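One letter stands for each residue in the lines below.
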Amino acid sequence: MIGNDIVDLSIAAKESNWARTGYLEKIFTTAERFHIQVAKDPQIMVWLMWTMKEAAYKAYSRETKFRTFAPTLICCNNLILHDETASGDLFYEGKVFYSQSSIAQNYIHTIASEKASVLKDINPKISDYNEFDNSYRSTHPASVSHHGHYLALIYL
Amino acid sequence: MDREKLIAKLKEIVAPYTHDKEALAKINQTTDFINDLKINSANLVDVILDVEEEFDIEIDNLEMAKMLNVNETVTIIESKLKALDRE
């Protein structure tokens, strides 16, 4: 199973104040908060690790159909950050999920799967999101994410 | 505080993060924060922090994990207030 998550950085900056007291503690482990603290761009690190966790959670919950909101239990590991991409893995409910992210000027997008081999063949389709246009549903994407101006679709 | 009052307070708390105002107007125990109110999951954290501030309670991560809808959230607030003898 595969999961994906996109964050529109301009909307995130407007709608989410991650510097709010107590906010990061509810989402990130101590080790992850250290990464944010020392990051060159803390905002990018926050939303990068957030999309990693969301993508892994979606990959997991698609299979189990189990809904929960426990971001601190999904732990980011082995994060390697380049200018426009990142990779890593996440540990959740005894499983390891591999993640691959793209860091664009206006968005961060991550895909996650238990199968590392699946990730390299995937071409995420990122387009403008229109809340009145549901036609993408009939194309049967394996995973859907939308936030702000962006719609991200994954086809296997 | 009775359940209706709690839901009314919760309605005020979730309002700024809600993207479906019609669903907000019809808020009830079965209302789901993400599926019905279209609250962004990053804003769920704000809802939890606002609940903590409003009711002067602390919500741990296990409790937060369940707070995806009105019923669970109100149940957790009630049990916290009861434990603190502030019903």
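Residues numbered from 1 in each chain as written. Chains lettered and ligands numbered in written order. Predicted model: local features only at pLDDT ≥ 70, side-chain atom pairs only at ≥ 80, totals over all residues. Heavy atoms only, no water.

- The name given to chain B in an unreviewed UniProt entry is Acyl carrier protein, with the source organism recorded as Pedobacter nyackensis.

- Going by what an unreviewed UniProt entry lists, chain A is known as 4'-phosphopantetheinyl transferase superfamily protein and is assigned to Pedobacter nyackensis.

### Regarding the overall build of chain B
So, point 1. Regarding its fold elements, chain B presents five helices and zero strands.
So, point 2. Along its sequence from the N terminus, chain B presents helices and strands in the succession α-α-α-α-α.
So, point 3. Taken over the C-alpha trace, chain B has a radius of gyration of 12 Å; the compact-globule value for 87 residues is 12 Å, and the two agree within 12%.
So, point 4. Across its three principal axes, chain B shows a C-alpha extent of roughly 35 × 25 × 20 Å.
So, point 5. Sorting the 87 residues of chain B into buried and exposed places 49% on the buried side.
So, point 6. Taken as a whole, chain B presents about 4500 Å² of accessible surface, with 47% of it coming from carbon and sulfur.
So, point 7. For chain B, the separation between the mean place of its 11 positive charges and that of its 20 negative charges on side chains is 4 Å. (Helix = DSSP H or I, 4+ residues; strand = E, 2+ residues; numbered from the N terminus. Rg over C-alpha atoms; globule rule 2.2 N^0.38 Å. Buried < 20%, exposed > 50% of the residue type's maximum accessible area, 1.4 Å probe, protein only. Areas by Shrake-Rupley, 256 points an atom, 1.4 Å probe, with all protein chains shown as cover. Lys, Arg positive; Asp, Glu negative; His and termini not counted. Charge placed at Lys NZ, Arg CZ, Asp CG, Glu CD.)

### A word on the UniProt feature "domain: 4'-phosphopantetheinyl transferase" (unreviewed entry) in chain A
So, point 1. As recorded in UniProt, the feature "domain: 4'-phosphopantetheinyl transferase" (unreviewed entry) lies at residues 2-70 of chain A.
So, point 2. Within the segment residues 2-70 of chain A, helix and strand shares are 64% and 10% respectively, and the terminal C-alpha atoms sit 19 Å apart. (UniProt positions renumbered as here; feature names shortened; annotations may be inferred.)

### Some details on the packing of helix α3 (residues 30-38) of chain A against helix α4 (residues 42-64) of chain A
All names here are of chain A.
So, point 1. Where α3 meets α4, the axes come as close as 7 Å, and the angle between the chain directions of the two elements is 145°. Along this stretch, α3 crosses α4, giving a crossing that reads as right-handed. Contacts from Glu 32, His 35 and Ile 36 of α3 reach α4 at Pro 42, Met 45, Val 46, Met 49 and Lys 53.
So, point 2. For the contact of α3 with α4, a count of residues per class yields five nonpolar, one polar and two charged. (Axes fitted to C-alpha atoms, helices over the stretch in contact; angles between N-to-C directions. Left-handed = near helix turned anticlockwise from the far one by under 90°. Contact = heavy atoms within 4.5 Å. Nonpolar A, V, L, I, M, F, W, Y, C, P; charged D, E, K, R; others polar.)

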